[in-house]
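Fold and contact review
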Amino acid sequence: DKTMNQLFLFPAAAQRDPAVDAWLTECPGNLGEIARRWFAVMRDCGDDVRELLHDDQPTACMGEAAFACVDSFSFHANVGFFRGAKLDDPAQLLQGTGKFMRHAKLRPGEDLNASALVQLIEAVYRDMQARVGLPRVSAASCDLGSRFVPQCGVDWTWDAPVLGPLRVQPVS
């Protein structure tokens, strides 16, 4: 499937983005602690991890290719996976019904299989490393006004706000 090989790229991703640090610092309480802990795991995946805020969510990239993100809501935090639908999830941590995106919903005080979540983060990172040489679509070229953009390989129906319409245009 050609769309399964496309990447969601963020050319502005940096080795350490001050906006991400500010978001993580300003995220309060237990939910902030959860988001900080899991974003640190993403950062530790490799020397090629880059980051940025996308849709006000700290987003981890393998180079320019997004692989995971965190977010905080009123009563839970999410660890999102841009290729989560393809992940092997024997602990059944992942939620979502979109074609590509999945997330783990984390609540303070609830039991969590932390080693399984670490394995998911590492697996999606390794998967993104394997995909880097394949056809790509720039994040700035996706029509995020629709619920799903097959050219981007991202399902925006999960807890993520929708931006205005942009054009779909493959990146060579």
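These remarks concern the structure in this document. As the structure is a computational prediction, the values presented were derived from the model and not from experiment.

Thoughts on the packing of helix α2 (residues 29-43) against helix α3 (residues 114-131)
In helix packing, the relevant descriptors are the interaxial angle and the interaxial distance, both defined with respect to the helix axes. The N-to-C vectors of α2 and α3 enclose an angle of 40°; their axes lie 10 Å apart at closest approach. Regarding the angle of α2 to α3, the classification is oblique. Crossing hand, α2 versus α3: right-handed. Every residue of α3 that contacts α2 at Arg37, Trp38, Val41 and Met42 is listed here: Ala114, Leu117, Val118 and Ile121. When the residues that make up the contact of α2 with α3 are grouped by side-chain class, the tally is 7 nonpolar, no polar and 1 charged.

Quick notes on the packing of helix α1 (residues 18-26) against α2
Contact geometry for α1 and α2: axes closest at 9 Å, N-to-C directions at 150°. As the angle between them shows, α1 and α2 are arranged roughly antiparallel. For the pair formed by α1 and α2, the contact residues are Val20, Asp21, Trp23, Leu24 and Thr25 on the first element and Ala35, Arg36, Phe39 and Arg43 on the second. Partitioning the contact of α1 with α2 into residue classes produces 5 nonpolar, 1 polar and 3 charged.

Points about the packing of aromatic side chains
Counting across every chain of the model gives 3 aromatic pairs. Centre to centre, the rings of Phe8 and Phe10 are 4.9 Å apart; their planes meet at 85°, and the pair counts as edge-to-face. With respect to burial, Phe8 and Phe10 carry one shared label: buried. A network of ring pairs unites the aromatic residues Phe8, Phe10 and Phe82 as a single cluster.

The rules behind these values
Residues numbered from 1 in each chain as written. Predicted model: local features only at pLDDT ≥ 70, side-chain atom pairs only at ≥ 80, totals over all residues. Heavy atoms only, no water. Axes fitted to C-alpha atoms, helices over the stretch in contact; angles between N-to-C directions. Helix = DSSP H or I, 4+ residues; strand = E, 2+ residues; numbered from the N terminus. Parallel < 35°, antiparallel > 145°, perpendicular 65-115°, else oblique. Left-handed = near helix turned anticlockwise from the far one by under 90°. Contact = heavy atoms within 4.5 Å. Nonpolar A, V, L, I, M, F, W, Y, C, P; charged D, E, K, R; others polar. Phe/Tyr/Trp six-rings, centres within 6.5 Å; stacked < 30°, edge-to-face > 60°. Buried < 20%, exposed > 50% of the residue type's maximum accessible area, 1.4 Å probe, protein only.

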